[in-house]
Amino acid sequence: MNDGSFLISDGYCNSRVLRFNPDGSFHSEYTMSAKGRARLPDMVVPHSLVVDECDNRVTVADRENKRVVTFNLDTGAVMGEWGVGGLGGGRCGRTVNRL
């Protein structure tokens, strides 16, 4: 990111996204079940990440849940989750749209 910090998707074992400071030290993590948040289904195999520093968010492809989840970059709060219902090409198997 612009400040030198970076994100890593830790999908195969821990189902989370980690944020590190520019020196490599741990900063924070993004999960669906962090204390103080509404309980949403945990991410399963989070993969691709898109960071939007202008809008202060990170969007994660949650592969096995067939959705994308957006977190506030600073607080880790879930900003929304989206998926497209159906089983054809480009579909996610169920409809998800929580804002």
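Residues numbered from 1 in each chain as written. Predicted model: local features only at pLDDT ≥ 70, side-chain atom pairs only at ≥ 80, totals over all residues. Heavy atoms only, no water.

## Focus: the nonpolar core
With ten residues, the main nonpolar core is built from Leu7, Val17, Tyr30, Met32, Met43, Val58, Val60, Val69, Phe71 and Leu73. Every element with two or more residues in this core is listed here: strand 5 (57-62) and strand 6 (67-72). (Core = buried A, V, L, I, M, F, W, Y, C linked by side-chain atoms within 4.5 Å. Buried < 20%, exposed > 50% of the residue type's maximum accessible area, 1.4 Å probe, protein only. Helix = DSSP H or I, 4+ residues; strand = E, 2+ residues; numbered from the N terminus.)

## Considerations on the packing of aromatic side chains
For the structure shown, the criterion picks out three aromatic pairs. Look at Phe20 and Phe26: their rings are 6.2 Å apart centre to centre, the planes differ by 85°, and that puts the pair in the edge-to-face class. Looking at Phe20, the relative accessible area reads 15%, which means it is buried. Taken together, the ring pairs in this structure connect Phe6, Phe20 and Phe26 into an aromatic cluster. (Phe/Tyr/Trp six-rings, centres within 6.5 Å; stacked < 30°, edge-to-face > 60°.)

## With respect to the pattern of salt bridges
Evaluation of the coordinates by the stated rule reveals nine salt bridges. Its salt-bridge partner being Asp52, residue Arg57 comes within 3.7 Å of it at the nearest N-O pair. Judged by relative accessible area, Arg57 falls into the partly exposed class, the value being 31%. For the salt bridge of Asp62 with Arg67, the shortest nitrogen-to-oxygen distance reads 2.5 Å. Grouping residues by exposure puts Asp62 and Arg67 together as buried. Through salt bridges with shared partners, a single ionic network connects Asp3, Arg19 and Asp74. (Salt bridge = Lys/Arg side-chain N within 4 Å of Asp/Glu carboxyl O.)

## Thoughts on the sheet that holds strand 2 (residues 16-20)
Paired through backbone hydrogen bonds, the strands of a sheet run either parallel or antiparallel to each other. Read from one edge of the open sheet, three strands run 1-2-3, paired in antiparallel fashion. Strands at the two margins of the open sheet, each flanked by one partner only, are strand 1 (6-10) and strand 3 (26-30). Strand-to-strand twist in this sheet, taken as the mean axis angle between neighbours without regard to direction, amounts to 25°. (Pairing = 2+ DSSP bridges. Axes fitted to C-alpha atoms, helices over the stretch in contact; angles between N-to-C directions.)

## Observations concerning the environment of Arg63
The residue Arg63 is located in the loop between strand 5 and strand 6 in this model. With a relative accessible area of 44%, Arg63 lands in the partly exposed category. Distance from Arg63 to Val45, taken between C-alpha atoms, is 5.6 Å for residues 18 residues apart in sequence. Here Arg63 is in contact with Tyr12, Val44, Val45 and His47, once residues within four sequence places are set aside. (Contact = heavy atoms within 4.5 Å.)

## A look at the side chain of Thr70
Inspection of the secondary structure puts Thr70 in strand 6. A distance of 3.0 Å separates polar atoms of two side chains, one belonging to Thr70 and the other to Thr59. (Polar contact = N/O pair within 3.5 Å; in protein donor to acceptor, adjacent residues only side chain to side chain.)

## Quick look at the pairing of strand 6
Judged by how many residues are buried, strand 6 sits mostly within the fold: five of six residues are covered. In terms of strand pairing, strand 5 meets strand 6 through six bridges, oriented antiparallel. In the sheet register, Val60 faces strand 6, and the bridge partner there is Val69. Between the antiparallel neighbours strand 5 and strand 6 lie four residues, among them Lys66 with a positive phi of about 55°. Bridge count for strand 6 against strand 7 (residues 78-83) is four bridges, and the pairing is antiparallel. Bridge assignment links Phe71 to a residue of strand 7, and that residue is Val78. Here strand 6 folds back onto strand 7 in antiparallel fashion, the turn holding five residues, of which Gly76 has a positive phi close to 80°.

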